[in-house]
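So you can see what is in the structure, the chains are spelled out below.
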Amino acid sequence: MYNNHFMMKNINITAKIQVCCYEELNSDEKNIIDIAKNAVKCSYSPYSQFRVGSAVLLANREIVVGSNQENIAYPSGLCAERTALFYANSQFPDEAVEAIAVAAYHEGNFVDEPVTPCGACRQVLLEVQNRYKHPIKVLLYGKKVIYKIENSADLLPLAFEF
Ligand SMILES: [Zn+2]
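Here the structure is a predicted model, which means the values were calculated and not measured.

Caption draft 1: Spatial organisation of the coordination of the zinc ion. The protein atoms that coordinate the zinc ion are C79 (SG), C118 (SG) and C121 (SG), at distances of 2.2 to 2.3 Å. Here the donor residues for the zinc ion map to a single chain with the spacing C-x38-C-x2-C. Linking C79 in the loop between β3 (63-67) and α2 (80-91) with C121 in helix α3 (residues 119-132), this pair joins segments that are 42 residues apart in sequence. Note on C79: relative accessible area 22%, which makes it partly exposed. Exposure remark for C121: the relative accessible area of 0% places this residue in the buried category.

Okay, here's the thing in structure tokens:
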């Protein structure tokens, strides 16, 4: 029973994110990071000059790559994460997504600190995870550190769901 006048409370949200280096990853994790780094070459980013690559590992061991694809009408472009996820789901609709790696390249170098997915990509990641009832591991590459998130739900607390 709620009392309208005395119900204020705090919700403390936590997210489990491991900070690690490349050498600490297993061979699958290293592999998709390598592939995501390579995928930045296929980025079409003449407006931002910010190249992002992604690699998605599916349950059948297939690996799907994506990169950011920009457009002169800015909102018409698409992030690397969703490019790969939507391709994976459209080509392999029966295969759960096991993991996704993301790498970003700017001004001649990979970024030092990991770039994290935008809000829209987080929403899509969560729905893909829910669709296949399988947690998606997210690996975000930086030259100095790598962020490893075992469950993409940690990237989007209070997600839109109904
Ligand atoms: Zn995005």
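Caption draft 2: View of the packing of aromatic side chains. One pass over the full model with this rule turns up three aromatic pairs. Seen from their ring centres, Y105 and F110 are 5.0 Å apart, and the 80 degrees between their planes marks the pair as edge-to-face. Ring centres of F110 and Y141 lie 5.9 Å apart, and the angle between their planes is 90 degrees; on these two criteria the pair is classed as edge-to-face. One end of the pair, F110, is in strand β5 (residues 109-110); the other, Y141, is in strand β6 (residues 137-141), and 31 residues separate them in sequence. Residue classification places F110 among the buried residues on the basis of a relative accessible area of 18%. Chaining the aromatic ring pairs together yields one cluster made of Y105, F110 and Y141. The cationic tip of K37 hangs over the ring face of F110; the distance from NZ or CZ to the ring centre is 5.1 Å.

The rules behind each value
- As a convention, each chain's residues are numbered from 1 in the sequence order in which they are written.
- Reporting in this predicted model follows two pLDDT cut-offs: at least 70 for local features of residues, and 80 or more for side-chain atom pairs to be given and counted; totals over whole chains, interfaces and linings ignore these cut-offs and use all residues.
- With hydrogens and water stripped out, all remaining heavy atoms of the structure feed into the side-chain values.
- The rule for donors is simple: N, O or S, within 2.8 Å of the metal, or within 3.2 Å if the metal is Na, K or Ca. Water isn't counted, so a site may look like it is missing partners.
- Numbering of helices and strands runs from the N terminus, with a helix taken as a DSSP run of H or I at least four residues long and a strand as a DSSP run of E at least two residues long.
- Three exposure classes are used, based on accessible area relative to the maximum for each residue type with a 1.4 Å probe and protein chains only: buried under 20%, partly exposed in between, and exposed over 50%.
- A pair of Phe, Tyr and Trp rings is counted when the ring centres sit within 6.5 Å of each other, with Trp represented by its six-membered ring. The angle between the planes then sorts it: under 30 degrees is stacked, over 60 is edge-to-face, the rest tilted.
- The rule for a charge over a ring is simple: NZ of Lys or CZ of Arg within 6 Å of the ring centre, and within 35 degrees of the ring normal.

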